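Below, each chain spelled out in residue letters.
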Amino acid sequence: MGRSHFVIFIILLNFLQILDTSFSLPLCTDSRAPFQQKTPLAFCSYNGISCCNSTDDKQLQTQFNAMNISDPGCASLVKSVICAKCDKFSAELFRTDSVPRQLPILCNSTTSENSTKSSQTKNDFCSKIWTTCQNVSIISSPFAASIKSNSTKLTDLWKSQIDFCNVFGGASGDGSVCFAGEPVSLNTTTPISPPGGLCLEKFGNGSYINMVAHPDGSSRAFFSNQQGKIWLATIPEVDSGELLDVDDSNPFLDLTDEVHFDTELGMMGIAFHPKFSQNGRFFVSFNCDKQAWPGCGGRCSCNSDVDCDPSKLPSDSGSQPCQYQAVIAEFTASGSQPTQAKTASPKEVRRIFTMGLPFTGHHGGQILFGPRDGYLYFMMGDGGGIGDPYNFSQNKKSLLGKIIRLDIDSTSSVEEITKLGLWGNYSIPKDNPYTEDKELQPEIWALGMRNPWRCSFDSARPSYFMCADVGQDKFEEVNIISKGGNYGWSEYEGPYLYTPSKSPGANKSMSSINPIFPVMGYNHSDVNKNGGSASITGGYFYRSMTDPCMHGRYLFSDLYAGFMWAGTENPEDSGTFNTSQISFNCAQKSPIDCTFVPGSSVPALGYIFSYGEDNNKDMYVLTSSGVYRVVRPSRCKYTCAKENSSAVDDDIPSSPPAASPPSAATMLTGSYSNFVVILMSFMLILACWF
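The structure displayed is predicted, hence computed values, not measured ones.

*Asks:* Tell me about the overall build of the protein, residues and numbers included.
*Replies:* Scanning the protein from terminus to terminus reveals 12 helices and 29 strands. Expressed as a percentage of its 690 residues, the buried residues of the protein come to 53%. Contacts spanning at least 24 positions in sequence make up 62% of the contacts within the protein whose residues lie at least 6 apart.

Written out as structure tokens, the structure is:
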């Protein structure tokens with residue numbers, strides 16, 4: 001063989017080595033083990049499923065043997081379920097990007113038909129398990145792990161197949177991936193890459209809890225703090241380098257004499273009437289102390305209607321039961337032209353709502369007008385206490401733990417207020433859920449909330465009413481609120497069953513509430529490895545094109561300002577979200593210099609109280625350290641292919657966004673590209689040879 005032939009031979013050897021590397025795809029995507037093992041293992045090795053390493057396989061085999069399942073059919077099904085962790089798409093099956101689960105999502109009759117495996121057999125897999133295993137003894141059953149029960153039969157744990165499959169059945173990830181005892185086939189929905197990061201500029205020093213764009217459509221917005229003041233400010237144009245124009249000494253409204261301010265008490269919400277430009281009406285939600293202000297008093301939310309005796313409630317932080325009240329009051333802008341008014345009269349026009357609070361925490365307080373119906377929505381928490389001890393949230397006669405919907409454009413008669421047991425001067429929208437569920441108090445729009453903290457209507461799709469709900473000690477959640485929806489608390493904390501440590505109130509059975517599970521969220525351990533403090537702050541769907549790569553994603557964060565997430569709906573309008581934690585940074589050329597967490601490149605935002613949206617749909621982050629605006633990603637050197645390259649400037653962030661590991665699909669695509677290039681080279685070599 002000549003020298004040239006020898007060179008070609010070496011090239012061919014390299015080619016074969018590259019082929020072997022390029023097409024050694026992993027047998028699983030379980031993050032606990034590297035993609036090294038290629039040989040099917042003894043226990044979890046059937047229908048193409050095999051574990052990443054022998055340790056995992058042996059652990060699952062030990063778990064299965066301990067179950068001592070006598071029925072062969074049931075044993076086979078349970079084995080397939082626990083071996084699902086070895087499926088190469090196990091990350092999709094267990095929803096690791098959104099709501100984590102202990103067991104895979106089992107296909108049932110409600111599963112989406114978009115999957116490439118949408119057969120009736122697949123859709124009925126959850127019912128197949130129920131039918132086969134319902135009366136079979138399973139020691140240490142994996143189906144009982146989440147509720148910590150010692151029962152061995154499914155019928156001891158669940159009343160029916162429907163109850164069982166409500167918990168374990170469904171679809172995951174992209175809306176069609178679920179487990180049917182065989183390898184999962186992903187559908188053809190195009191994966192959406194997470195954004196590179198969120199770039200912020202600081203342009204205001206005030207600490208605000210609410211922001212509402214001026215109803216006149218201008219560049220102005222109202223900002224309010226928890227102490228009881230509202231300011232009217234002018235927002236400078238994006239990239240202008242100017243500061244938020246606000247006169248701290250001249251508030252639009254000052255209610256500090258009426259508002260009781262404390263950690264979870266104060267001015268909690270502001271909302272402007274849809275016709276504010278004509279009538280000047282606006283509304284304020286705040287807390288007051290009836291011992292300090294005679295005009296504060298109202299009926300106690302702990303009363304005989306909800307089987308609660310206020311005399312038996314313990315004191316809380318030195319206060320007596322229902323000493324503090326939740327109030328909604330109406331005010332009006334000064335002058336004949338509301339859009340030109342720079343101040344408002346501090347005198348209440350009308351007291352809309354007053355309700356005594358059993359404890360000092362968990363009372364939400366945000367108010368919003370529905371963009372389509374014009375009704376006022378009021379977000380109310382469960383009233384406080386660990387685990388909602390009096391079960392207010394599930395009590396249909398209590399307004400605690402509820403989303404409330406009021407018609408403030410008309411007032412009920414005294415007779416109707418008495419008959420319906422209303423809490424103030426308003427009327428009930430004719431289509432509120434109580435017309436269909438006679439047990440519901442007429443004000444209730446949705447129930448089963450713990451402490452809804454920051455809700456918003458999507459400006460592009462008003463039917464998407466998003467509410468973040470603060471968890472107890474495990475999970476923080478985001479829900480799509482629907483008419484009459486029950487969001488589970490305190491029977492569930494997010495997707496997890498919850499058992500209160502004590503419950504003087506009458507609890508309802510788990511099977512009676514038919515909960516709606518969150519579409520996004522995170523575990524406390526995701527932000528605190530010790531499972532400690534976490535508290536969600538809800539945001540908005542980002543609808544500006546200032547950051548085109550963030551457009552259409554739902555942004556939210558943790559109160560403690562170390563973590564932010566972007567929820568991407570895929571497919572669109574499916575209600576199914578993939579959630580990605582996103583990095584964030586502060587542009588160096590910010591109107592106000594940002595400070596950073598000591599020893600870190602993360603901006604020191606303090607606490608993230610709320611998000612805001614202006615009339616141009618640009619988005620704002622309201623924090624204890626100031627007001628931040630989302631700006632072009634290039635200002636933080638984040639990569640966004642959709643951003644006009646001419647907009648890139650020389651701002652240098654403290655650190656670039658961390659690169660994400662490649663997905664299996666990306667690895668496959670890259671391998672295929674390498675194969676094409678190598679194959680063309682090989683063909684050229686053969687042509688030269690011959």
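*Asks:* Before we move on, can you summarise the packing of aromatic side chains with the specific residues and values?
*Replies:* Across all of its chains, the model carries 40 aromatic pairs by this definition. Measuring from centroid to centroid gives 6.3 Å for Trp158 and Phe164, while their planes differ by 70°, and the two rings are edge-to-face. For the pair Trp158 and Phe164, one class covers both residues: buried. Between Phe164 and Phe168 the ring centres are 5.1 Å apart and the planes differ by 45°, which places this aromatic pair in the tilted class. Of this pair, Phe164 and Phe168 both sit in helix H8 (residues 161-168), 4 residues apart, roughly one helical turn. Phe168 shares its class with Phe164; the two are buried. Through a chain of ring-to-ring contacts, the aromatic side chains of Tyr464, Tyr522, Phe541, Tyr554, Phe556, Phe563, Trp565 and Phe577 assemble into a single cluster. For Lys474, the ring lying beneath its charged end belongs to Tyr496, and the centroid distance is 4.0 Å.

*Asks:* Any chance you could break down the state of the cysteines for me, citing the residues and the numbers?
*Replies:* Applying the stated criterion across every chain, the model contains 10 disulfides. In this model, Cys74 is linked to Cys133 through a disulfide, with the two sulfur atoms separated by 2.2 Å. Across the S-S bond of Cys74 and Cys133 the torsion is about 120°, and the bridge reads as right-handed. Here the residue Cys74 occupies a position in helix H3 (residues 72-82), and Cys133 occupies one in helix H6 (residues 125-133), the gap between them amounting to 59 residues. The same class applies to Cys74 as to Cys133, namely buried.

*Asks:* Please give an account of a negative patch on the surface that cites residues and values.
*Replies:* Residues Glu237, Glu242, Asp245, Asp247 and Asp248 make up a contiguous surface patch of negative charge. Within the element layout of this structure, Glu242 appears in the loop between strand S6 (229-234) and strand S7 (253-254).

*Asks:* Break down the pairing of strand S24 (residues 564-569) for me, with residues and values.
*Replies:* Among the 6 residues that make up S24, 6 are buried, leaving the element largely enclosed by the rest of the structure. Here S24 shows two buried faces, one formed by Met564, Ala566 and Thr568 and the other by Trp565, Gly567 and Glu569. Alignment of strand S23 (residues 554-558) against S24, held across 4 bridges, turns out to be antiparallel. From the neighbouring strand, Leu555 faces S24, where its bridge partner is Ala566. Joining the antiparallel neighbours S23 and S24 is a turn of 5 residues, in which Ala561 adopts a positive phi near 70°. As defined by bridge partners, S24 adjoins strand S25 (residues 577-582) across 6 bridges and the pair is classed as antiparallel.

*Asks:* Tell me about the sheet that holds strand S28 (residues 619-623), and please be specific about residues and values.
*Replies:* If you walk across this open sheet you meet the 5 strands as S26-S3-S29-S28-S27, and the pairing is mixed. In this open sheet, the two strands that pair with only one neighbour each are strand S26 (584-586) and strand S27 (608-613). Across this sheet, the average inter-strand angle for adjacent strands is 30°, counted without regard to direction. Across 5 bridges, S27 lies against S28 in antiparallel orientation. Bridged to Ile608 within S28 is Thr623.

*Asks:* Describe in detail the nonpolar core, supporting the description with residues and values.
*Replies:* Counting residues in hydrophobic clusters, the biggest one holds 43 residues, and the most contacted among them are Ile69, Val78, Leu106, Phe125, Ile129, Phe143 and Phe164. Breaking this core down by element, the ones donating at least two residues are helix H2 (54-67), H3, H6, helix H7 (154-157) and H8. Top contributing element to this core by residue count: H3, with 6 residues. Discounting residues that sit within four places of it in the chain, Leu106 has contacts with Val81, Phe125, Cys126, Ile129, Phe143, Phe168, Gly169, Gly170, Cys178 and Phe179. In terms of nonpolar packing, the next biggest core, distinct from the first, is built from 35 residues, Ala271, Met355, Phe359 and Ile444 among them.

*Asks:* How would you sum up the environment of Asn279? Please name residues and give values.
*Replies:* Summarising the element assignment, Asn279 is placed in helix H9 (residues 276-279). Considered as a pair, Asn279 and Ser336 are 57 residues apart in the sequence and their alpha carbons are 9.0 Å apart. Discounting residues that sit within four places of it in the chain, Asn279 has contacts with His273, Thr332 and Pro338. Among the polar contacts listed, one links the side chain of Asn279 to the side chain of His273, at a separation of 3.3 Å.

*Asks:* So, the packing of H6 against H8: which residues are in play, and what are the values?
*Replies:* Relative orientation of the contacting elements H6 and H8 amounts to 130°, with a least axis distance of 10 Å. By the angle between their axes, H6 is oblique relative to H8. In this structure, H6 meets H8 at a crossing whose hand is right-handed. For the pair H6 and H8, contact is made by Cys126, Ser127, Ile129, Trp130 and Thr131 and by Gln161, Phe164 and Cys165, respectively. Of the residues contributing to the contact of H6 with H8, the split by class is 5 nonpolar, 3 polar and no charged.

*Asks:* With reference to specific residues and values, describe the sheet that holds S25.
*Replies:* Pairing is antiparallel in the open sheet, where 4 strands are placed in the order S22-S23-S24-S25. Of all strands in the sheet, those with a lone pairing partner are strand S22 (536-541) and S25, marking the two edges. Strand-to-strand twist of the sheet, defined as the mean angle between neighbouring strand axes without regard to direction, takes the value 25°. Pairing of S22 with S23 involves 4 bridges; the strand directions are antiparallel. When the bridges of S23 are listed, Phe541 appears paired with Tyr554.

*Asks:* Describe in detail the pattern of salt bridges, supporting the description with residues and values.
*Replies:* Applying the stated criterion across every chain yields a total of 20 salt bridges. Between Asp305 and Arg299 there is a salt bridge whose closest N-O contact spans 3.9 Å. Two residues, Arg461 and Asp458, come together in a salt bridge whose shortest N-O distance is 3.1 Å. The exposure class of Asp458 is buried, given its relative accessible area of 2%. Salt bridges here are not isolated pairs; linked through shared partners, they connect Glu201, Asp239, Arg629, Arg632, Arg635 and Glu643.

*Asks:* Just give me the short version of unusual backbone geometry, but keep the residues and values in it.
*Replies:* The omega angle of the peptide bond from Trp489 to Ser490 is 10°, so this bond is cis rather than trans. Relative to the elements of secondary structure, Ser490 occurs in the loop between strand S18 (475-480) and strand S19 (492-493). With an omega dihedral of 0°, the bond running from Asn570 to Pro571 counts as a cis peptide bond. Among the secondary structure elements, Pro571 is positioned in the loop between S24 and S25. Look at Ser140: it is not a glycine, yet its phi comes out positive at around 50°. Tracing the sequence through the fold places Ser140 in the loop between H6 and H7. We note that Asn391 has phi near 55°; this positive angle belongs to a residue other than glycine. Locating Asn391 in the fold gives a position in the loop between strand S13 (376-380) and strand S14 (402-406).

Cut-offs and rules
Residues numbered from 1 in each chain as written. Predicted model: local features only at pLDDT ≥ 70, side-chain atom pairs only at ≥ 80, totals over all residues. Heavy atoms only, no water. Helix = DSSP H or I, 4+ residues; strand = E, 2+ residues; numbered from the N terminus. Buried < 20%, exposed > 50% of the residue type's maximum accessible area, 1.4 Å probe, protein only. Contact = heavy atoms within 4.5 Å. Phe/Tyr/Trp six-rings, centres within 6.5 Å; stacked < 30°, edge-to-face > 60°. Lys NZ or Arg CZ within 6 Å of the ring centre and 35° of its normal. Disulfide = S-S within 2.5 Å. Patch = residues over 30% accessible without salt bridge, like charges linked within 9 Å, V, L, I, M, F, W, Y side chains within 5 Å. Areas by Shrake-Rupley, 256 points an atom, 1.4 Å probe, with all protein chains shown as cover. Salt bridge = Lys/Arg side-chain N within 4 Å of Asp/Glu carboxyl O. Lys, Arg positive; Asp, Glu negative; His and termini not counted. Charge placed at Lys NZ, Arg CZ, Asp CG, Glu CD. Pairing = 2+ DSSP bridges. Axes fitted to C-alpha atoms, helices over the stretch in contact; angles between N-to-C directions. Core = buried A, V, L, I, M, F, W, Y, C linked by side-chain atoms within 4.5 Å. Polar contact = N/O pair within 3.5 Å; in protein donor to acceptor, adjacent residues only side chain to side chain. Parallel < 35°, antiparallel > 145°, perpendicular 65-115°, else oblique. Left-handed = near helix turned anticlockwise from the far one by under 90°. Nonpolar A, V, L, I, M, F, W, Y, C, P; charged D, E, K, R; others polar.

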